[in-house]
Amino acid sequence: DSDGLKFGSDTAAANALDDYEEGTWTPIWIGNSSNGSPTYSTQVGSYTKIGNTINARCHLIINGGTLPSGALHIYGLPFASSSSHGFQVGSVHIEQVNVGINTGHWAYVAPSVQYATFRYFVNNAAAGYLYGSHISTATDAMLNVTYRI
């Protein structure tokens, strides 16, 4: 009906699925000090939007150019995040990163932005932001983040 798709015998407008979309986006590395001008051998992103929830995925491989500097972000998420839902954490896999041994990475989407910010931890303790100086022209990154708009 005009509220959207409802399942079973549900008639409540609040329970209607009123928006579904699939699409692509072009992710880029940026830094909060300088965006640099990296070149990519792989630069793909896709998303699924169900109601006010976005699941965005991307894969970036840097193969040259000038790297960004400062704290790193993957910019270009298909929609800006909600201002009222706080930080939303995503999963990330990054290769060719120099921040020490026993290191892991995570990403989050802050309120009211269109990018994911990267952090790292060492030996299961929070360590800091991932900076442009931590990556190389062989860095391979994959991100999967679900966030509200």
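Residues numbered from 1 in each chain as written. Predicted model: local features only at pLDDT ≥ 70, side-chain atom pairs only at ≥ 80, totals over all residues. Heavy atoms only, no water.

A. Just the overall build of the protein, in detail. Per the secondary structure count, the protein includes zero helices and ten strands. If you line up the protein on its principal axes, its C-alpha atoms span 55 × 30 × 25 Å. Looking at the protein as a whole, 39% of its 149 residues qualify as buried. Summed over all atoms, the accessible surface of the protein reaches about 7600 Å², with 49% contributed by carbon and sulfur. Seen as two clouds, the 5 positive and the 9 negative side-chain charges of the protein have centres 7 Å apart. (Helix = DSSP H or I, 4+ residues; strand = E, 2+ residues; numbered from the N terminus. Buried < 20%, exposed > 50% of the residue type's maximum accessible area, 1.4 Å probe, protein only. Areas by Shrake-Rupley, 256 points an atom, 1.4 Å probe, with all protein chains shown as cover. Lys, Arg positive; Asp, Glu negative; His and termini not counted. Charge placed at Lys NZ, Arg CZ, Asp CG, Glu CD.)

B. Here's a closer look at the side chain of T139. Here T139 lies in strand β10 (residues 135-148). In terms of polar contacts, T139 uses its side chain to reach the backbone amide nitrogen of S136, at 2.8 Å. When sequence neighbours within four positions are dropped, the list of residues in contact with T139 reads L60, I61, I62, I94, E95, Q96 and V97. (Polar contact = N/O pair within 3.5 Å; in protein donor to acceptor, adjacent residues only side chain to side chain. Contact = heavy atoms within 4.5 Å.)

C. Expanded view of the pattern of salt bridges. Applying the stated rule across the entire model yields three salt bridges. Between D3 and K6 there is a salt bridge, with its nearest N and O atoms 2.9 Å apart. When its relative accessible area of 31% is taken as the criterion, D3 is described as partly exposed. Accessibility expressed as a relative area gives 18% for K6, which makes it buried. Among the salt bridges present, the one from D19 reaches K49, with a minimum N-O distance of 2.0 Å. (Salt bridge = Lys/Arg side-chain N within 4 Å of Asp/Glu carboxyl O.)

D. Here's a closer look at the pairing of strand β5 (residues 72-75). Inspection of the sheet shows strand β2 (residues 28-31) paired to β5 by four bridges, in the antiparallel sense. The residue of β5 that forms the bridge with I28 is Y75. (Pairing = 2+ DSSP bridges.)

E. Inspection of the packing of aromatic side chains at higher detail. Under the criterion given, the structure shown has four aromatic pairs. Ring geometry for Y47 versus F79: centroids 5.6 Å apart, planes at 85°, classification edge-to-face. Pair noted here: Y47 is in strand β3 (residues 37-50) and F79 is in the loop between β5 and β6 (88-97), with a separation of 32 residues, a long-range link. Overall, the relative accessible area of 8% leaves Y47 in the buried class. For F79, a relative accessible area of 22% translates into the label partly exposed. With a centroid separation of 5.2 Å and an interplanar angle of 65°, the aromatic rings of F87 and Y108 are classed as edge-to-face. Linking F87 in the loop between β5 and β6 with Y108 in strand β7 (residues 103-109), this pair joins segments that are 21 residues apart in sequence. The class for F87 is exposed, based on a relative accessible area of 56%. Chaining the aromatic ring pairs together yields one cluster made of F87, W106 and Y108. Positioned above the aromatic ring of F79 is the side chain of K49, whose terminal nitrogen or guanidinium carbon lies 5.8 Å from the ring centre. (Phe/Tyr/Trp six-rings, centres within 6.5 Å; stacked < 30°, edge-to-face > 60°. Lys NZ or Arg CZ within 6 Å of the ring centre and 35° of its normal.)

F. Up close: a nonpolar patch on the surface. A cluster of nonpolar side chains, L5, F7, L17, Y20 and I50, forms an exposed patch at the surface whose accessible area comes to about 500 Å². Take Y20: it is sitting in strand β1 (residues 20-25). For Y20, a relative accessible area of 46% gives the class partly exposed. (Patch = residues over 30% accessible without salt bridge, like charges linked within 9 Å, V, L, I, M, F, W, Y side chains within 5 Å.)

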